[in-house]
Amino acid sequence: MAMAALRREGRRFLLSPVSYNTSGAARSAIPSDEFGSIGARSISTQVVRNRMKSVKNIQKITKAMKMVAASKLRAVQVRTENSRGFWQPFTALLGDTPSVDVKKNVIVSITSDKGLCGGINSQSVRVSKALYKLTSGPEKETKYVILGEKGKVQMVRDSKNSIEMNITEVQKNPLNYTQVSVLADDILKNVEYDALRIVYNKFHSVVSFIPTISTILSPEAVEKESEAGGKLGELDNYEIEGGETKAEVLQNLTEFQFSCVLFNAVLENGCSELGARMSAMDSSSRNAGEMLDRLTLTYNRTRQASITTELTEIISGASALTG
Amino acid sequence: MASTTAAVPFWRAAGMTYITYSNICASLVRGCLKDPHRSEAAAREKVHFAISKWANGKPEKPSIRSDLLEQ
């Protein structure tokens, strides 16, 4: 409360006619030389009025974007929550082993194609880079597969030599499993891997997203890990029906697991993107509103000042005549 | 059961992954639906994305995988 009062005081001080040239809102917008000297009539109200108009338009746009994101979010959220049933059985069967140490790592980082959605893209890029550092070492190879335009732009800057491939325009149609599985198929055919690590933002609520890593092991790596025991060691307890060998079953299983986990990851990230965009647009509309308030104040004060000056001049002129 | 096990080498030998194989099967099942459901399910089959491989730190020309181009 006290802070707010203080801030208001500060703003009033900034906007007081004594210091037009440093007024917070107007300084960035209007070249200071357009204001004349203190209290003079040459202060241009036109510039402030134009600025107010443009801020108002921006506010309208951000409000509309927030509405769009909010209405899309609800449908996507339901689908995302349903899609969690895809990976849960796999985790129950194979476990999740993020700490596994293998030679060929492929980091699949999922980002969005469009911007204006807060920090979710830089967050998954940051996690991917940290993962790269963790998994790289002598005789090891780590590659990136990047989904989304924004992640690519950030990765190109310092790790373009490790990028294996990138995929865009995934979200042109509403996401569906067929699309993601074709995509997963293309990734599997084009990279060699011992472990695939998918980095994405898991949707938690409209304002919170958790950067998450899902690990998918190649059939050989699963074999190796299951010999070492642990959760994967229990695989030998299962009886395999039909004429397939364990290796074949494991290969089918890995491929299917990858497409399912990728489907969920893409949905989760899309959902987080919408949530992040919603809150980002909400705060920018609020900021635009605050800016508009400040500009209105400046505008009115300037107008009042010029009226007062004119009145003073008329009165003093009249009194000089009569006196 | 016997037909399933016999089919395994088939699609694997043809260079398909399990994903491709299951997608073809899923597409067939969708084709068996009757009409109001069928067009609904067909909408869930649309594929569209652009993929580009990188060599020496440079992206190659993106190839677009899209239903419109495949048909």
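- Going by what an unreviewed UniProt entry lists, chain B is known as ATP synthase subunit epsilon, mitochondrial and is assigned to Canna indica.
- The UniProt entry for chain B carries this comment under Sequence similarities (unreviewed entry): "Belongs to the eukaryotic ATPase epsilon family."
- The annotation that UniProt attaches to chain B under Subunit (unreviewed entry) is "F-type ATPases have 2 components, CF(1) - the catalytic core - and CF(0) - the membrane proton channel. CF(1) has five subunits: alpha(3), beta(3), gamma(1), delta(1), epsilon(1). CF(0) has three main subunits: a, b and c."

- Going by what an unreviewed UniProt entry lists, chain A is known as ATP synthase subunit gamma, mitochondrial and is assigned to Canna indica.
- Quoted straight from UniProt, the Subcellular location (unreviewed entry) entry for chain A says "Mitochondrion inner membrane".
- Note on chain A: under the UniProt heading Sequence similarities (unreviewed entry), the record states "Belongs to the ATPase gamma chain family."

## Concerning the overall build of chain B
Argument step 1. Scanning chain B for helices and strands turns up 4 helices and 3 strands.
Argument step 2. From first element to last, N terminus to C terminus, chain B shows the α and β order α-α-α-β-β-β-α.
Argument step 3. Once local pairs closer than 6 in sequence are excluded, the contacts in chain B between residues at least 24 apart make up 0%.
Argument step 4. With the model as given, the accessible surface of chain B reaches about 4,900 Å², and the carbon-plus-sulfur share is 63%.

## A look at the pairing of strand E1 (residues 48-55) of chain B
Residue and element names in this part refer to chain B.
Argument step 1. With 6 of its 8 residues buried, E1 lies for the most part within the structure.
Argument step 2. Bridge count for E1 against strand E3 (residues 63-66) is 4 bridges, and the pairing is antiparallel. Bridge pairing in E3 links Ala50 to Ile64.
Argument step 3. Sheet topology places E1 next to strand E2 (residues 58-59); 2 bridges connect them, and they run antiparallel. Following the sheet pairing, Trp54 is matched in E2 by Pro59.
Argument step 4. Counting the residues that bridge the hairpin from E1 to E2 gives 2 residues, and of these Asn56 lies at a positive phi of roughly 55°.

## Some details on the interface of chain A and chain B
Argument step 1. Contact residues are listed per partner, giving 35 residues for chain A and 27 residues for chain B.
Argument step 2. Across the interface of chain A and chain B, roughly 2,800 Å² is buried in total on both sides, 54% from carbon and sulfur atoms.
Argument step 3. Linking chain A with chain B are 2 salt bridges, by the criterion used here.
Argument step 4. Ionic pairing is found between Asp186 of chain A and Arg65 of chain B, a salt bridge with its closest N-O pair at 3.0 Å.
Argument step 5. On the surface where chain A and chain B come into contact, there are 16 residue pairs in polar contact (both at pLDDT 80 or more).

## A look at the nonpolar core
Residues and elements named next belong to chain A.
Argument step 1. Ranked by size, the top nonpolar core spans 45 residues in total, and within it Ile167, Ile187, Ile198, Phe258 and Leu262 carry the most contacts.
Argument step 2. Here this core takes 9 residues from helix H8 (residues 246-322), the largest share from any one element.
Argument step 3. Apart from residues lying up to four places away in sequence, Phe258 is in contact with Ala184, Ile187, Leu188, Leu196, Ile198 and Ile216.
Argument step 4. Formed by 10 residues, the second largest nonpolar core is a distinct cluster that contains Cys117, Phe209, Cys271 and Met278.

## Notes on helix H3 (residues 45-94) of chain A
All names here are of chain A.
Argument step 1. Here H3 spans 69 Å end to end across 50 residues, near enough to the 74 Å set by a 1.5 Å rise per residue.
Argument step 2. Approximately 30° is the largest bend angle found in H3, and it occurs at Leu73.
Argument step 3. Trailing H3 by a residue or two, Gly95 shows a phi angle of about 75°, which is positive.

## Considering helix H6 (residues 177-190) of chain A
Argument step 1. Between its first and last C-alpha atoms H6 of chain A spans 20 Å; for 14 residues at 1.5 Å apiece the expected length is 20 Å, and the two agree.
Argument step 2. When H6 of chain A is considered as a whole, its buried residues turn out to be Tyr177, Thr178, Gln179, Val180, Ser181, Val182, Leu183, Ala184, Asp185, Asp186, Ile187 and Leu188 of chain A.

## Considerations on the side chain of Asn166 of chain A
Argument step 1. Along the polypeptide, Asn166 of chain A turns up in strand E3 (residues 163-168).
Argument step 2. By relative accessible area, Asn166 of chain A is classed as buried at 3%.
Argument step 3. Side chain to side chain, Asn166 of chain A and Trp54 of chain B meet in a polar contact 3.0 Å long.
Argument step 4. If sequence neighbours within four positions are ignored, Asn166 of chain A has contacts with Ile146 and Lys152 of chain A together with Ala50, Ile51, Ser52 and Trp54 of chain B.

## Some thoughts on unusual backbone geometry
Residue and element names in this part refer to chain A.
Argument step 1. Even without glycine at this site, Leu116 takes up a positive phi of about 55°.
Argument step 2. For Leu116, a relative accessible area of 53% puts it in the exposed group.
Argument step 3. Its identity as a non-glycine residue notwithstanding, Glu169 has a phi of 60°, on the positive side.
Argument step 4. Take Glu169: it is sitting in the loop between E3 and H6.
Argument step 5. On the basis of relative accessibility, which here comes to 27%, the residue Glu169 falls in the partly exposed class.

The rules behind the values
Here, residues in each chain are numbered from 1, in the same order as that chain's written sequence. Both sets of labels track the order of writing: A upward for chains, 1 upward for ligands. Selection of residues for local features in this predicted model requires a pLDDT of at least 70, selection of side-chain atom pairs for listing and counting requires 80 or more, and totals for whole chains, interfaces and linings are taken over all residues. The side-chain quantities take in all heavy atoms of the structure and omit both hydrogens and water. UniProt positions are given in the numbering used here, feature names are shortened, and annotations may be inferred rather than shown by experiment. Secondary structure elements are defined from DSSP: runs of H or I of at least 4 residues count as helices, runs of E of at least 2 residues count as strands, and each element is numbered from the N terminus. We call two residues in contact whenever any of their non-hydrogen atoms come within 4.5 Å of each other. Per-residue and other accessible areas follow the Shrake-Rupley method at a 1.4 Å probe size, with only the shown protein chains counted as cover for residues. Categorising residues by exposure relies on relative accessible area from a 1.4 Å probe, with only protein chains included: less than 20% of the type maximum marks a residue as buried, more than 50% marks it as exposed, and the intermediate range marks it as partly exposed. Between any two strands, at least two bridges found by DSSP are needed for them to pair. Two parts placed together each lose some accessible area; with a 1.4 Å probe, that loss summed over both constitutes the buried area. Salt bridges are identified by distance alone: a Lys or Arg side-chain nitrogen within 4 Å of an Asp or Glu carboxyl oxygen. As used in this structure description, the phrase polar contact means that two N or O atoms lie within 3.5 Å; if the pair is within protein, one of them must be able to donate a hydrogen and the other to accept it, and residues adjacent in sequence are counted only when both atoms belong to side chains. The term nonpolar core refers to a set of buried residues drawn from Ala, Val, Leu, Ile, Met, Phe, Trp, Tyr and Cys, joined through side-chain atoms within 4.5 Å. One fewer than the residue count of a helix, multiplied by 1.5 Å, yields its expected span. At every residue, the bend is computed as the angle between two fitted axes, covering the seven residues ending there and the seven beginning there respectively.

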